[in-house]
Amino acid sequence: MSLPDYLAAQGGRVFGLTLEHLGLVLISVAISTLIGVAIGVLTYRSDMPRRVALGVTGIFLTIPSFALFGLLIGPLGLGAAPAIVALVMYGLLPIVRNTIVGLRSVDPAIVESAQGMGMGRYRRLFRIELPLAWPIILTGVRVAAVIIVGIAAIAAVVNGPGLGKDIFRALARFGTPTAIPQVLSAILGIIAIAIVIDLAFVIVARLTTSKGSVSDVTSPLAGPRSEPMIRLEQISKRFPGQAKPAVEALDLDIRAGEIVILVGPSGCGKTTTMRLINRLIEPSSGRIILEGEDVTKVNPDKLRRRIGYVIQQVGLFPHQTISDNIATVPRLLGWDEKRIRLRVDELLELVGLDPSTYRGRYPKHLSGGQRQRAGVARALSADPPVMLMDEPFGAIDPITRDRLQNEFLRLQETIRKTIIFVTHDIDEAIKMGDRIAILREGSQIAQYDTPERILSAPADDFVADFIGSGASLKRLNLSRVRDVEMSDWPIARVDSTRDEVLAALRASDKGAVLLLDGDRRPARWVSGRELQRDHGPLAEMGLPPEALVQPNATLSDALNEMLKSRYGCATVVDAAGVYLGNLDFATVSAAIQEMRRDARDRSRAEADEVHAARTVGA
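Keep in mind it's a predicted model, so treat the numbers as computed, not measured.

Novice: Describe the sheet that holds strand β9 (residues 435-439), naming the residues involved and giving the relevant values.
Specialist: Ordered in space as β6-β7-β8-β3-β9-β10, the six strands form an open sheet in which the pairing is mixed. At either end of the open sheet lies a strand with only one pairing partner, and these are β6 (307-311) and β10 (445-449). Each strand axis lies, on average, 15° off the axis of its neighbour in the sheet, ignoring direction. Sitting on the sheet, helix α15 (residues 368-379) is in contact with β6 and β7 (386-390), with an inclination near 165° to β6. Packing against the sheet, helix α16 (residues 398-415) makes contact with β3 (259-263), β7 and β8 (418-423), and its axis sits at approximately 140° to β3.

Novice: Please give an account of the packing of helix α7 (residues 164-172) against helix α8 (residues 179-208) that cites residues and values.
Specialist: For the pair α7 and α8, the least separation of the axes is 8 Å and the interaxial angle reads 160°. On the basis of the axis angle, α7 is roughly antiparallel to α8. Judged by the sense of rotation from one axis to the other, the crossing of α7 with α8 is left-handed. Counted together, Asp-166, Ile-167, Arg-169 and Ala-170 of α7 and Ala-179, Gln-182, Val-183, Ala-186 and Ile-190 of α8 form the full contact between these two elements. Classifying every residue of the contact of α7 with α8 by side-chain character gives six nonpolar, one polar and two charged.

Novice: Describe the nonpolar core, with residues and values.
Specialist: Grouped together as the largest cluster of nonpolar side chains are 104 residues, with contacts concentrated most on Phe-69 and Phe-408. With 13 residues, the single largest contributor to this core is helix α6 (residues 121-151). Leaving out residues up to four positions away in the same chain, Phe-408 has contacts with Ile-259, Val-376, Met-389, Phe-393, Ile-419 and Met-432. In this structure, Ala-109, Leu-250, Ile-281 and Ile-288 belong to the second largest nonpolar core, which totals 30 residues.

Novice: Go over a nonpolar patch on the surface, please, and point to the residues and values.
Specialist: A surface patch of nonpolar side chains, amounting to about 860 Å² of accessible area, comprises Leu-171, Phe-174, Ile-180, Leu-184, Ile-187, Leu-188, Ile-191, Ile-195 and Leu-199. As for its position among the elements, Leu-184 is in helix α8. Look at Leu-184 and you get partly exposed, because its relative accessible area is 39%.

Novice: Describe the side chain of Lys-237, listing the residues and the values that go with them.
Specialist: Inspection of the secondary structure assignment puts Lys-237 in strand β1 (residues 230-237). Here Lys-237 sits buried without a salt bridge, and the closest side chain of opposite charge, Glu-282, lies 7.5 Å off (N-O distance). Only 2.9 Å separates the side chain of Lys-237 from the backbone oxygen of Glu-282, close enough to count as a polar contact.

Novice: Before we move on, could you go through unusual backbone geometry and cite the residues and values that matter?
Specialist: The backbone of Glu-391 shows a phi angle near 45°, a positive value even though the residue is not glycine. Turning to its location among the elements, Glu-391 is positioned in the loop between β7 and α16. Residue Ser-443 is not a glycine yet carries a positive backbone phi of 60°.

Novice: Quick one: what's the story with the packing of helix α5 (residues 108-116) against α6, residue by residue and with numbers?
Specialist: Any two packed helices are characterised by how steeply their axes cross, that is the angle between the axes, and by the distance between the axes. Running from N to C, α5 and α6 cross one another at 165°; their axes reach a closest spacing of 11 Å. Overall, the two elements α5 and α6 adopt an arrangement that is roughly antiparallel. The way α5 lies across α6 gives a crossing that is right-handed. Residues Ile-110, Val-111, Ala-114 and Gln-115 of α5 pack against Arg-124, Ile-128, Glu-129 and Leu-132 of α6.

Reading guide: rules and limits
- Residues numbered from 1 in each chain as written.
- Predicted model: local features only at pLDDT ≥ 70, side-chain atom pairs only at ≥ 80, totals over all residues.
- Heavy atoms only, no water.
- Pairing = 2+ DSSP bridges.
- Helix = DSSP H or I, 4+ residues; strand = E, 2+ residues; numbered from the N terminus.
- Axes fitted to C-alpha atoms, helices over the stretch in contact; angles between N-to-C directions.
- Contact = heavy atoms within 4.5 Å.
- Parallel < 35°, antiparallel > 145°, perpendicular 65-115°, else oblique.
- Left-handed = near helix turned anticlockwise from the far one by under 90°.
- Nonpolar A, V, L, I, M, F, W, Y, C, P; charged D, E, K, R; others polar.
- Core = buried A, V, L, I, M, F, W, Y, C linked by side-chain atoms within 4.5 Å.
- Buried < 20%, exposed > 50% of the residue type's maximum accessible area, 1.4 Å probe, protein only.
- Patch = residues over 30% accessible without salt bridge, like charges linked within 9 Å, V, L, I, M, F, W, Y side chains within 5 Å.
- Areas by Shrake-Rupley, 256 points an atom, 1.4 Å probe, with all protein chains shown as cover.
- Salt bridge = Lys/Arg side-chain N within 4 Å of Asp/Glu carboxyl O.
- Lys, Arg positive; Asp, Glu negative; His and termini not counted.
- Polar contact = N/O pair within 3.5 Å; in protein donor to acceptor, adjacent residues only side chain to side chain.

Function cannot be read off these values alone, since they describe shape.
So this is what it looks like as structure tokens:
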């Protein structure tokens, strides 16, 4: 009998056995997935449990299938039960293994970021770690399904359901006219099931794998205005196995609305100190006071929802859109979706990202600078009074870093948050900080003061050595472009006549004229020589201005731009690019002289105070 004739006669029965086989496979895959993922979740953090889990599930695959089915007849009898148990045992290893590998491959910076925003262990597992590990886990489930589809035919030895029955019956009467068609029809059914299940996994992967992959808080009790926003009292941290504490008896007051920089040599404990504040690291002793409230023993997840957190690796969740990333803490706090949407758009605009363009994008579609902006927006999402920033600009190129520093200082003028900022770069500390804490080993404070005081009066040789040479140039980070007088440079409109531009140039002592467009934005630098020899339109003469700075930029930033400028000056524009003026080397030199005079006057005043005190004491 041919196969088509056999299927025409026995098609209904074969279809019924195929459905039985499919049901057996699906039940076994589902149970092995639940058990395998659970085992992986419970063991992936610890070496010994992980090895035991992988070893035991690996043993199952080494047992011959006939032997395993036979062993299960005693306790479970015949039928579907021993078949399902055996198939589940065969499917466990790839699922357990891939769950462990997937969870351990999640970027620790992302997990730390979630923890820093106040996500508890189970929220982090189900909202961050498992979704990011899911593509790897799903591959393990897919491998397990392939194993189970094939071995399920052998379930017939324990009278299990499925196409295996037809295979064994046909083999028992091999040589009869229907034996071969019966075997072939069963094999074709198994192949069809394998193809359908594999296609189903492709669809499931597309539906469940993110495009980005690789509850109430008590209102804080505000203390008196004279109280600092944050007070650390005798905070210490000693890690097991270390001879010296990482942080030893630290006292530190941080005022509201200030940026306080923790800076010091590698290993001095600055990052540990910052993480003690939101209790990502629990202190060994001492107290943490936030807005007048002792938060040393409160629920750490609720505490972290009151504190924004930005790290060097940014820690955006790659499986979530930028909008969902920013909405993380508001959703933890139970905000309604309309309020969340408005807040997301507000913050994207605040950090310079167009909401219509960026809210639906995934982190991998953003540049490093854009991801850093999104990270700042997420830290601000619930409007926390305090932000912790661990080298937030350390992983990006110098040009982008300078721009982001300036943008963040502009942003701080609006939001006025209390910010603890960790860096290893003293120049960044001077530029960004209202106060700087220079730390020795063990997070011991060598000097805690304003940048001006630290530069003009280092507390000791350690501080002086850490600051390094070039204190005068470092002082340029203390003054802003808006604080100095602009230079007098000739300007004209781009639609002016050539004679008008030449007249403006001759009336000055400069060598070039800056042409402005109709909106008063800098368009071209044009020199006298170019005006005399080039008879084309003014809009095509000269060069476009490249040395542009905004009023909140430091004089150090302006000096860097001047060095790149053809004419030795930096053009000052507002946030919309509108021309405000120019700075040149004479302006910067005058500012340096003024800073020196101020530092000298302060030193003399301090010396006079010390002399007067000694005179009174005598």
